[in-house]
Protein chains: 4
Amino acid sequence: MKPICLVIGAGAGIGGNTAHRFASEGYHLALCRRSNQEGLNNMVKSIKDKGGSASGHILNAVKDDCIEDVINTLESDIGAIEVIIFNLGAQIGDVSLKDLSYKQFELGWRMATFALFRTASTVFPLMEKRGKGTLIVTSSTASVRGNPKQHSHASAMGGRRMLCQSLNAEYAPKGIHIAHIIVDGAVDAPDTLGRMLGPKNFQKLKESKGMEHDGLMLPAKIADTYYHIAQQHRSVWTHELDMRSFSDSPWWNDNNNSYI
Amino acid sequence: MKPICLVIGAGAGIGGNTAHRFASEGYHLALCRRSNQEGLNNMVKSIKDKGGSASGHILNAVKDDCIEDVINTLESDIGAIEVIIFNLGAQIGDVSLKDLSYKQFELGWRMATFALFRTASTVFPLMEKRGKGTLIVTSSTASVRGNPKQHSHASAMGGRRMLCQSLNAEYAPKGIHIAHIIVDGAVDAPDTLGRMLGPKNFQKLKESKGMEHDGLMLPAKIADTYYHIAQQHRSVWTHELDMRSFSDSPWWNDNNNSYI
Amino acid sequence: MKPICLVIGAGAGIGGNTAHRFASEGYHLALCRRSNQEGLNNMVKSIKDKGGSASGHILNAVKDDCIEDVINTLESDIGAIEVIIFNLGAQIGDVSLKDLSYKQFELGWRMATFALFRTASTVFPLMEKRGKGTLIVTSSTASVRGNPKQHSHASAMGGRRMLCQSLNAEYAPKGIHIAHIIVDGAVDAPDTLGRMLGPKNFQKLKESKGMEHDGLMLPAKIADTYYHIAQQHRSVWTHELDMRSFSDSPWWNDNNNSYI
Amino acid sequence: MKPICLVIGAGAGIGGNTAHRFASEGYHLALCRRSNQEGLNNMVKSIKDKGGSASGHILNAVKDDCIEDVINTLESDIGAIEVIIFNLGAQIGDVSLKDLSYKQFELGWRMATFALFRTASTVFPLMEKRGKGTLIVTSSTASVRGNPKQHSHASAMGGRRMLCQSLNAEYAPKGIHIAHIIVDGAVDAPDTLGRMLGPKNFQKLKESKGMEHDGLMLPAKIADTYYHIAQQHRSVWTHELDMRSFSDSPWWNDNNNSYI
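The notes below deal with the structure included here. Nothing here was measured: the structure is a model prediction, and the numbers come from that model.

Quick word on the overall build of chain A
Looking only at helices and strands, chain A features eight helices and seven strands. Here the C-alpha radius of gyration of chain A, 18 Å, is about what a compact globule of 260 residues would show, namely 18 Å. With the principal axes as the frame, chain A shows a C-alpha extent of 45 × 40 × 35 Å. Going through the 260 residues of chain A one by one, you find that 64% of them count as buried. Considering only residue pairs separated by 6 or more positions, chain A has 75% of its internal contacts joining residues 24 or more positions apart. Roughly 9,300 Å² of accessible area belongs to chain A as shown, and the carbon and sulfur atoms make up 50% of that amount. Positive and negative side-chain charges of chain A, numbering 28 and 26 respectively, have mean locations separated by a distance of 2 Å.

Shown next, in the form of structure tokens:
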């Protein structure tokens, strides 16, 4: 029976690349994304084609019972969830206070903070019985500083970071490793940057100079660090780390990317 | 016409003491609390007895339109809100993850984060037209670290802190002063500590040794700093400061008070 | 007998303005600066002309025994030092690693970190016997983030900040208030900005638009906050606060001023 | 020609274990420690016995030219230094302000801050020419909070952390990876804990319950993370991470270990 790695937010960037990495190391990958059944099927197929094991699940993280049902079904039908990659973002772009509706503000919290709480509430009691488990949370610069017009994202991510700390304080001694990853730069992902540039320009940019020269983070390389963190011996757990491209400035030195 | 100082969370501790201080400096005090009409009336009367101006408003900050109505009524009937003391707490005591309901978790966010967002959304456009205004936010240790069994409070306060930063980043240049006060200790307040000890023991404790020897913060003295912050010249605004008793340890040195 | 307020770094900006403020509140001001006996004499005279009490002391903070001698002389000849404003900077401008000599790097530490340690070592035992005292330390953005070409300043200020924390942890319970002030912006001071622009252009700039519109901090207004901090009741002491102009961005949002 | 990994502070804990790990991955290990030529020879022999390459160098980091000479000799005689593990500590135990000499305070800075500056000053220009290099700095809880009686250690480590930031800001864009590792717990090392308990009790403790149950960090496992950080792709560099045992509390939650 393979241990399960559950990826909540399995798009083509960090989520998908992490999925491939964990699949190649022997995990069954349970992939969740909000929409795009075809993309999800393709990712499952792609993992299976390489000899891995995977299943796909459409999951709208703001709907009642959705997260809970996926976790409970996996545990009863497939096996024990050993690792969760919580990879939901809540970036809605720059919106000034006047233009930001109460509904949008609440949605940010439902995605970035409440969905994480629901995930932990459902799976930690199961992990606690087994005395082990790992929760790796993709987070962002907004978790440590609030930018103008980022009210929804900043408050949701600030809440996420403190929630990771309170979860860690209660569950690390019970054998559950919680890691809060500050992804402090733009990720080279077709779903995000690629969509913005269009596929042709995106490919051109990649060929012309190598993405990392522009400060873009290669998601397959982020996946390497996620995998390392998940394998750390319990006597040396990392709770928080930051990541960015060598050519980019850390958040405390610069503010080029107000979105991250 | 007196400028208005609106206190959201006008109990017998920081809220009430700050109200008295601002009243003595010439503000009309608009006092809001969730319940206890009699206590509210007494506070209004007490301010008036000292020659001040005050009005009382029962306000349940988690109800729709409640905050918005109070602000709009004050602005149309009484005058311009110059200062807001946002003093709502969201502490529910230690509750382990297993025992914490989704509803409780959400309630923490509605009190500590969403109510602040609603307040700023309603009043900042009015303040922006006048080119000035002050928002002082009582916050807590939980805004900078998450303790075990503090999931609701920590994530709500972490969201509050980042929201204060994003509001400051957008509105400070427009003349609105936002200050995030980390109250890093237990406050000597009859509503909180007094209720716990009972009135007789509370009085005895106060007489026997002076509260501050036990690390308790005198709320009338906190009010002095709130008033100072509200009067800072706009070329030297403070966005964040911490406060605690001389005999207490800062949050980074100690963890005696998991609740704060 | 007036209590003494000792200002180490009494130039025309924060130091001088704070001196005037404390003098007007009844302190004897002991003013120290590295050079410019005439400027020092003028400041002493200016305080006396307003009815205050002051003395001037040339003090090179990197020389052996210099700080210690001033403190001991004041205590034996004039009275008890109640407040120290430690206002020495260590900014040497942007110097890349290749061009930064070992001597310059060490000098930054001697000014910003070691001089503070010597000051505390000499005066805290005296304050401890009296059960009270205040040390307000002017610090800078560099104490919380390191910028490129700021190796000397950043490491010296980072050391200063942690020293303030360890001093606070040991001496706050003994009645000594230590405050670390993050001056997160350029100060409108003739010694610094004025020297750069020249007196004529400096005056012109001041008349034309009011300095604070350019993000400059008025030192007389900084002095108001220093005085407030020194008067805080011991049950509500602030250890750290930040300050900047309303029109400037906090260090976490921007990086226009690499020097601060 | 093997790339060089230089370990400054190659004792039996983090330094020695990291050395073995990098040696097994194909680096020539240049091992430096202050004293104990025999121990140094044994470590060199032990690496060679496993098929690795190593050399030993007695290095007193507070002496003039010592660090510089080792670096220059390695570069001219053996090859290019690709990785430096800067592993010098500066803990002298709890010493109250009254008992802490100026000399001790300065020594802390010379070990923890100045030696790092000298190392970077000497090696970064060489690495810059090659367009790559890695500096991993073992740091401690004291770099982010100052405890009582830790004046020397806290200010030296605070300076170290800000220096790592300024170095990173200037040299990351030139291809040099600087990582600041917050080792937030006690390390299971015969040189430190073992010396305290004595060899017999130390062995007994290890056999009886497994060290990590007591919150001790296994240095061989720390070495795994050091190696991972050194191998991160340059588009996803980590600048700062924390580490501790699952059974220990993070520094923001607890203060059991005032020394770290």
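With respect to the interface of chain D and chain C
Contact residues are listed per partner, giving 43 residues for chain D and 43 residues for chain C. With both sides pooled, the region where chain D packs onto chain C buries about 3,300 Å², and carbon together with sulfur makes up 69% of that total. Of all residues in chain D, Leu-97, Tyr-102 and Phe-117 of chain D give up the largest surface area on contact with chain C, accounting jointly for 21% of the area buried on that side. Along the contact surface separating chain D from chain C lie four salt bridges. Put simply, Lys-98 of chain D and Glu-128 of chain C hold a salt bridge, and the shortest N to O gap is 2.9 Å. Taken together, the elements giving at least two residues each to the side of chain D that touches chain C come down to helix 4 (102-130) and helix 5 (151-171) of chain D. Its residues placed into classes, the side of chain D that touches chain C shows 19 nonpolar, 15 polar and nine charged.

Remarks on the packing of aromatic side chains
Under the definition given, this model contains 52 aromatic pairs over all chains. Ring geometry for Trp-109 of chain A and Phe-105 of chain B: centres 6.2 Å apart, planes at 20 degrees, overall stacked. Remark: Phe-105 of chain B occurs in helix 4 (residues 102-130) and Trp-109 of chain A occurs in helix 4 (residues 102-130); the pair is interchain, linking two chains. Both residues of the pair, Trp-109 of chain A and Phe-105 of chain B, belong to the buried class. Ring-pair connections join several aromatic residues into one group, and the members of that group are Tyr-102, Phe-105, Trp-109, Phe-114 and Phe-117 of chain A together with Tyr-102, Phe-105, Trp-109, Phe-114 and Phe-117 of chain B. Taking NZ or CZ as reference, Lys-174 of chain C lies 4.8 Å from the ring centre of Tyr-171 of chain C, over its face.

What to know about the pairing of strand 3 (residues 53-58) of chain B
Residue and element names in this part refer to chain B. As judged from the six bridges shared by strand 2 (residues 28-33) and strand 3, these two strands associate in the parallel manner. Bridge pairing in strand 3 places His-28 opposite Ser-53. For the segment spanning strand 2, helix 2 (residues 37-49) and strand 3, crossover handedness is right-handed.

Here's the deal with the relation of the copies chain A and chain B
Expressed as a screw transformation, the operator carrying chain A onto chain B has a rotation angle of 180 degrees and an axial translation of 0.0 Å, and the superposed copies differ by an RMSD of 0.0 Å. The transformation relating the two chain copies, once decomposed into turn and shift, fits a two-fold axis. Taking C-alpha positions as the reference, the residue of chain A nearest the rotation axis is Gly-159 of chain A, at 2.1 Å.

Some details on unusual backbone geometry
All names here are of chain D. Even without being a glycine, Asn-36 presents a positive backbone phi close to 70 degrees. Looking at the element boundaries, Asn-36 is found in the loop between strand 2 (28-33) and helix 2 (37-49). Of note in the backbone geometry, Lys-149 takes a positive phi value of approximately 65 degrees without being a glycine. Relative to the elements of secondary structure, Lys-149 occurs in the loop between strand 5 (133-140) and helix 5.

A few points about the environment of Gly-198 of chain C
With respect to the helices and strands, the residue Gly-198 of chain C is situated in the loop between helix 6 (190-197) and helix 7 (199-209). The spatial distance from the C-alpha of Gly-198 of chain C to the C-alpha of Thr-141 of chain C is 26 Å, given a sequence separation of 57 residues.

Describing the pairing of strand 4 (residues 81-86) of chain D
Residues and elements named next belong to chain D. In terms of burial, strand 4 is largely enclosed, as five of its six residues are buried. Relative to strand 4, strand 1 (residues 4-8) runs parallel, the two sharing five bridges. Residue pairing in the sheet places Cys-5 in a bridge with Val-83 of strand 4. Here strand 4 pairs with strand 5 via four bridges, running parallel. Residue Phe-86 lies in a different strand from strand 5, and its bridge partner there is Val-137.

A closer look at the interface of chain A and chain B
Of the residues lining the interface, 43 residues belong to chain A; the matching set on chain B comes to 43 residues. For the pair chain A and chain B, the summed buried surface comes to about 3,300 Å²; carbon and sulfur atoms form 69% of the total. On the chain A side of the contact with chain B, Leu-97, Tyr-102 and Phe-117 of chain A bury the most area, a combined 21% of that side's loss. Counting the contacts that link chain A with chain B gives four salt bridges. One salt bridge connects Glu-106 of chain B with Arg-110 of chain A, and the closest N-O pair in it is separated by 3.2 Å. The tally of links from chain A across to chain B stands at 16 residue pairs in polar contact (both at pLDDT 80 or more). If you list the elements that add at least two residues to the side of chain A that touches chain B, you get helix 4 and helix 5 (151-171) of chain A. It is helix 4 of chain A that provides the largest number of residues to the side of chain A that touches chain B, a total of 15 residues. Residue classes in the side of chain A that touches chain B are distributed as 19 nonpolar, 15 polar and nine charged.

Some remarks on the relation of the copies chain D and chain C
If you rotate chain D by 180 degrees and push it 0.0 Å along the axis, it lands on chain C with an RMSD of 0.0 Å. Take the interface residues of chain D: 100% of them recur as interface residues in chain C, which is what a same-surface contact looks like.

Regarding the side chain of Ser-139 of chain A
Residue and element names in this part refer to chain A. Among the secondary structure elements, Ser-139 is positioned in strand 5 (residues 133-140). Given the relative accessible area of 3%, Ser-139 is considered buried. When near neighbours in sequence (up to four residues on either side) are disregarded, Ser-139 contacts Met-157, Arg-160, His-180, Ile-181, Ile-182 and Val-183.

Quick look at empty space enclosed by the protein
Under the criterion given, the structure shown has 14 cavities of 30 Å³ or more. When its volume is computed, the largest cavity comes out at roughly 1,200 Å³. Looking at the largest cavity, it is lined by 44 residues, and the ones nearest its centre are Arg-161 of chain A, Arg-161 and Trp-251 of chain B, Arg-161 of chain C together with Arg-161 of chain D. If you list the elements that add at least two residues to the lining of the largest cavity, you get helix 5 and strand 7 (240-243) of chain A, helix 5 (151-171) and strand 7 (240-243) of chain B, helix 5 (151-171) and strand 7 (240-243) of chain C together with helix 5 and strand 7 (240-243) of chain D. Considered class by class, the residues forming the lining of the largest cavity number 23 nonpolar, eight polar and 13 charged.

Overview of the packing of helix 4 of chain A against helix 5 of chain A
All names here are of chain A. Between helix 4 and helix 5, the least distance of the axes is 7 Å, while the angle of their chain directions is 15 degrees. With respect to helix 5, the element helix 4 is oriented roughly parallel. Note that helix 4 runs across helix 5; the crossing there is right-handed. Contacts between helix 4 and helix 5 involve Gln-104, Phe-105, Gly-108, Trp-109, Met-111, Ala-112, Thr-113, Leu-116, Phe-117, Ala-120, Phe-124 and Glu-128 on the former and, on the latter, His-151, Ser-152, Ser-155, Ala-156, Met-157, Gly-159, Arg-160, Leu-163, Cys-164, Leu-167 and Tyr-171. Here the residues of the contact of helix 4 with helix 5 are counted per class, giving 14 nonpolar, seven polar and two charged.

Rules of the game
Residues numbered from 1 in each chain as written. Chains lettered and ligands numbered in written order. Predicted model: local features only at pLDDT ≥ 70, side-chain atom pairs only at ≥ 80, totals over all residues. Heavy atoms only, no water. Helix = DSSP H or I, 4+ residues; strand = E, 2+ residues; numbered from the N terminus. Rg over C-alpha atoms; globule rule 2.2 N^0.38 Å. Buried < 20%, exposed > 50% of the residue type's maximum accessible area, 1.4 Å probe, protein only. Contact = heavy atoms within 4.5 Å. Areas by Shrake-Rupley, 256 points an atom, 1.4 Å probe, with all protein chains shown as cover. Lys, Arg positive; Asp, Glu negative; His and termini not counted. Charge placed at Lys NZ, Arg CZ, Asp CG, Glu CD. Buried area = accessible area lost by both parts, 1.4 Å probe. Salt bridge = Lys/Arg side-chain N within 4 Å of Asp/Glu carboxyl O. Nonpolar A, V, L, I, M, F, W, Y, C, P; charged D, E, K, R; others polar. Phe/Tyr/Trp six-rings, centres within 6.5 Å; stacked < 30°, edge-to-face > 60°. Lys NZ or Arg CZ within 6 Å of the ring centre and 35° of its normal. Pairing = 2+ DSSP bridges. Right-handed = clockwise from strand over helix to strand, strands pointing away. Least-squares fit on C-alpha atoms with pLDDT ≥ 70 in both. Polar contact = N/O pair within 3.5 Å; in protein donor to acceptor, adjacent residues only side chain to side chain. 1 Å grid on protein atoms, 1.4 Å probe; cavity = no way out; pocket = protein on both sides within 12 Å on 5 of 7 lines; lining within 4 Å. Points joined across faces, edges and corners; volume = space filled by probe spheres on them. Axes fitted to C-alpha atoms, helices over the stretch in contact; angles between N-to-C directions. Parallel < 35°, antiparallel > 145°, perpendicular 65-115°, else oblique. Left-handed = near helix turned anticlockwise from the far one by under 90°.

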